[in-house]
Amino acid sequence: MAVFDFDIGILGGGSGGLTVAAGAAQLGARTILIEKERELGGDCLHFGCVPSKTLIRTAHVYHLMKNAGKYGLPVVDVPPVHYPGVVKRIKSVIDTIQKHDSTDRFCRLGARVEFGRPEFVDEHTVRLNGNTHSARNWVIATGSSPDIPPVEGLEKTPYITNREIFYLEELPASMITLGGGPIAIEMAQAFSRLGTRVQVIQRGDQILAKEDKDMADQVMSVLNAEGVDFHLKAEVVSARDLGDLREVVIRKGSETVSLRAEVILVAAGRTANLDGLGLQRIGVEHDRQGLKLDERLRTNVKHIYGAGDVTGRYLFTHAAGYEGGIVVSNAIFRLPRKVNYTFLPWCTYTDPELASIGMNEGMAGAAGIKYAVWSEDFRANDRSLAEGEEIGKIKMILDEKERPLGVQILGPKAGDLIAEWVAVLNGGVRLATLASAVHPYPTLGEINKRVAGDFFAGKIFSDTVRKGLKFFFSLKGRACEVEERP
Ligand SMILES: Cc1cc2nc3c(=O)[nH]c(=O)nc-3n(C[C@H](O)[C@H](O)[C@H](O)COP(=O)(O)OP(=O)(O)OC[C@H]3O[C@@H](n4cnc5c(N)ncnc54)[C@H](O)[C@@H]3O)c2cc1C
């Protein structure tokens, strides 16, 4: 039997790789984790979830300050944002979380951490900094990078991506985002709230293309009311550096428009980080989107796995963590375990947030499934009104047999509210249980119980039930009638 230096080797110390490393090492597998940057944590910690959510919070507080009058408070004249102060807070949050992802912590768990640029020399061996390391199993968890669209002149025009935006020296006066996906839209709202004039360019006829149009349009109208400009159905023709400003030329139908801003943010999709790993040499199949994987997350070279953004599937930290767990089961426990994304939730952290789990109307329609929608507005939720956060709604989608296909929530704390549905849908909890379970009052979470209750209300308070009760218990019926006014 071949002898290897390690039971498992992991390329990439981000959300996916760290999950595999922690799990494998704690199970007693001899583990090596190789990261190309100087610190562990990956995009999520340094250039993604953590800085973006910190920035969004800061922008939210500033927005509340500017809108104090809405809450019955004195209207205040708020001074402009000093961006280095915002960056300082972002860095301090990252530094705190970085301790959880330190080399020291992983060493204590039993994993050896190395830094550098690894390259496969054969199916089991990686070369790193002049040494070679062999492992029985390898996991590729090298994440993704911003996809730079082939726009004429863009390569000669200064632009920023998620790697630079959280570390700018000053707040840009104006910004154009190429793309209208979650990253672009979260940043558009946050920067607009901080004082940047933002214009969003989107090729399709809605922002947040994966979401139902009614929900995405509502997000757009909130941002629009806050001052963000949108250019939908717009093709980017060219980009140019004008010195102090950058120019982006777009085509909308037959019209050509020139837009100008201090900063261009490119957020137009992601490409898997697979270059330079020597995958061609060992015959691991992949394309620009990611690795070709089976349901157990194995590449065509069966002892080499993929987890996280390199799968090209669901580009979220929690998806990377989930996939990391699947890899540990398959590679360490040798328990065949397949991925199942049916009820994987996600959230776009605009204000209001837009969270989803399972199928939305667009997905159900595309799959040819007949469905019914039950919805409830946040303006009917007492806590929303008290909070001054009454925009949005919940949509519950049921199939013909009245089984839930999915839920979407647009509203305050939607990302947290969807968590109840994570348990309901993954745990196979009956809607009747959710509808009858007592929820604390007044909470936003009551909207979950309410939408499930609406589904049963039509059945319980029907004419048939009323007639039955009247017959059996001699109920006397209505005690009051509203007088119809002419
Ligand atoms: C602005 C932004 C906001 C986001 N917000 C959210 C959010 O709110 N919620 C959410 O769930 N997701 C969010 N995401 C997505 C999330 O960050 C990713 O899905 C997640 O980081 C993927 O984990 P990963 O392990 O695949 O990649 P990463 O976490 O990026 O880790 C990959 C690691 O591999 C390393 N690496 C790359 N190439 C090599 C190489 N050749 N050799 C060795 N190491 C290498 C990288 O340096 C990195 O450390 C956001 C992303 C962005 C850009």
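Below, the structure is looked at part by part. (Residues numbered from 1 in each chain as written. Predicted model: local features only at pLDDT ≥ 70, side-chain atom pairs only at ≥ 80, totals over all residues. Heavy atoms only, no water.)

### Some thoughts on the overall build of the protein chain
Okay, so step 1: When its secondary structure is counted, the protein chain shows 15 helices and 21 strands.
Okay, so step 2: On C-alpha atoms alone, the protein chain measures out to a radius of gyration of 26 Å, which is about the 23 Å that the 2.2 N^0.38 rule sets for 486 residues.
Okay, so step 3: Over its C-alpha atoms, taken along the principal directions, the protein chain stretches across nearly 90 × 60 × 45 Å.
Okay, so step 4: The long-range fraction of contacts in the protein chain, counting pairs at least 24 apart against all pairs at least 6 apart in sequence, stands at 61%.
Okay, so step 5: Working note: accessible area of the protein chain is about 24,500 Å², and carbon and sulfur atoms make up 53% of it.
Okay, so step 6: Mean positive and mean negative side-chain charge positions of the protein chain (59 and 61 charges, respectively) differ by 4 Å. (Helix = DSSP H or I, 4+ residues; strand = E, 2+ residues; numbered from the N terminus. Rg over C-alpha atoms; globule rule 2.2 N^0.38 Å. Contact = heavy atoms within 4.5 Å. Areas by Shrake-Rupley, 256 points an atom, 1.4 Å probe, with all protein chains shown as cover. Lys, Arg positive; Asp, Glu negative; His and termini not counted. Charge placed at Lys NZ, Arg CZ, Asp CG, Glu CD.)

### Some words on the site of the ligand
Okay, so step 1: As a structural note, the neighbourhood of the ligand is formed by 33 residues, with G16, E35, K53, D309 and T317 the closest of them.
Okay, so step 2: Between the ligand and E35, the relevant distance is 2.6 Å, taken from an oxygen atom to a side-chain nitrogen or oxygen of the residue.
Okay, so step 3: At 2.8 Å, a backbone N or O of T317 approaches an oxygen atom of the ligand.
Okay, so step 4: Burial of the ligand by the surrounding chains reaches 93%, relative to a free accessible area of 1,000 Å².
Okay, so step 5: Broken down by secondary-structure element, the contributors of at least two residues to the shell around the ligand are α1 (15-26), β2 (31-35), α2 (42-46), α3 (49-66) and α9 (317-333). (Near = heavy atom within 4 Å. Polar contact = N/O pair within 3.5 Å; in protein donor to acceptor, adjacent residues only side chain to side chain.)

### Quick word on the sheet that holds strand β20 (residues 393-399)
Okay, so step 1: The sheet built from 5 strands is open, its strands ordered β17-β18-β21-β20-β19 with antiparallel pairing. Pairing within the sheet leaves two strands with one partner each, and these edge strands are β17 (346-348) and β19 (371-377). Each neighbouring strand pair of the sheet contributes to a mean axis angle of 15°, computed without reference to strand direction.
Okay, so step 2: Docked against the sheet, helix α7 (residues 213-225) engages β18 (353-358), β20 and β21 (404-411), running at close to 10° with respect to β21.
Okay, so step 3: Along the sheet, helix α12 (residues 414-426) makes contact with β17, β18, β20 and β21, crossing β18 at roughly 10°. (Pairing = 2+ DSSP bridges. Axes fitted to C-alpha atoms, helices over the stretch in contact; angles between N-to-C directions.)

### Digging into the side chain of D351
Okay, so step 1: Take D351: it is sitting in the loop between β17 and β18.
Okay, so step 2: By relative accessible area, which is 18% here, D351 ends up buried.
Okay, so step 3: Residues contacting D351, with those up to four places away along its chain left out, are H60, Q189, R193, V222 and E389. (Buried < 20%, exposed > 50% of the residue type's maximum accessible area, 1.4 Å probe, protein only.)

### Considerations on the environment of V113
Okay, so step 1: Secondary-structure assignment places V113 in strand β3 (residues 111-115).
Okay, so step 2: Separated by 103 residues in the primary sequence, V113 and I10 place their C-alpha atoms 9.5 Å from one another.
Okay, so step 3: Residue contacts for V113: discarding those within four places in its chain leaves L33, L40, T103 and F106.

### Some thoughts on the packing of helix α6 (residues 182-194) against α7
Okay, so step 1: Closest axis-to-axis distance for the α6/α7 pair is 10 Å, and the angle between their directions is 25°. What the angle tells us is that α6 and α7 run roughly parallel. Once α6 is placed against α7, the crossing between them reads as left-handed. Between α6, through I185, A188 and Q189, and α7, the contact on the second element is made entirely by V219, V222 and L223. (Parallel < 35°, antiparallel > 145°, perpendicular 65-115°, else oblique. Left-handed = near helix turned anticlockwise from the far one by under 90°.)

### Some points on the packing of aromatic side chains
Okay, so step 1: Evaluation of the coordinates by the stated rule reveals 10 aromatic pairs.
Okay, so step 2: With centroids separated by 6.3 Å and ring planes inclined at 80°, the aromatic side chains of F47 and Y167 adopt a geometry described as edge-to-face. In this pair, F47 sits in the loop between α2 and α3 while Y167 sits in the loop between β7 (144-146) and β8 (174-178), placing the two residues 120 residues apart along the sequence.
Okay, so step 3: Ring geometry for F455 versus F456: centroids 4.8 Å apart, planes at 70°, classification edge-to-face.
Okay, so step 4: Under the relative-accessibility criterion, F455 is labelled buried at 6%.
Okay, so step 5: Here the aromatic cluster, defined as three or more aromatic residues joined through ring pairs, consists of Y314, Y322 and Y341.
Okay, so step 6: For the cation-ring pair, R163 lies above F47, with the distance from its terminal atom to the ring centre recorded as 4.0 Å. (Phe/Tyr/Trp six-rings, centres within 6.5 Å; stacked < 30°, edge-to-face > 60°. Lys NZ or Arg CZ within 6 Å of the ring centre and 35° of its normal.)

### Digging into the side chain of E211
Okay, so step 1: As for its position among the elements, E211 is in the loop between β9 (197-201) and α7.
Okay, so step 2: Here E211 occupies a buried position and makes no salt bridge, while the nearest side chain of opposite charge, K210, is found at 8.4 Å.
Okay, so step 3: A distance of 2.8 Å separates polar atoms of two side chains, one belonging to E211 and the other to W346. (Salt bridge = Lys/Arg side-chain N within 4 Å of Asp/Glu carboxyl O.)

### With respect to the state of the cysteines
Okay, so step 1: Under the definition given, this model contains 1 disulfide.
Okay, so step 2: Shown here is the disulfide that connects C44 with C49, its sulfur atoms set 2.4 Å apart. With the S-S dihedral at roughly -130°, the linkage between C44 and C49 falls on the left-handed side.
Okay, so step 3: On the basis of relative accessible area, C44 is assigned to the buried category, the value being 17%.
Okay, so step 4: The thiol of C347 is not disulfide-bonded; the next cysteine sulfur, from C49, is found 12 Å away. (Disulfide = S-S within 2.5 Å.)

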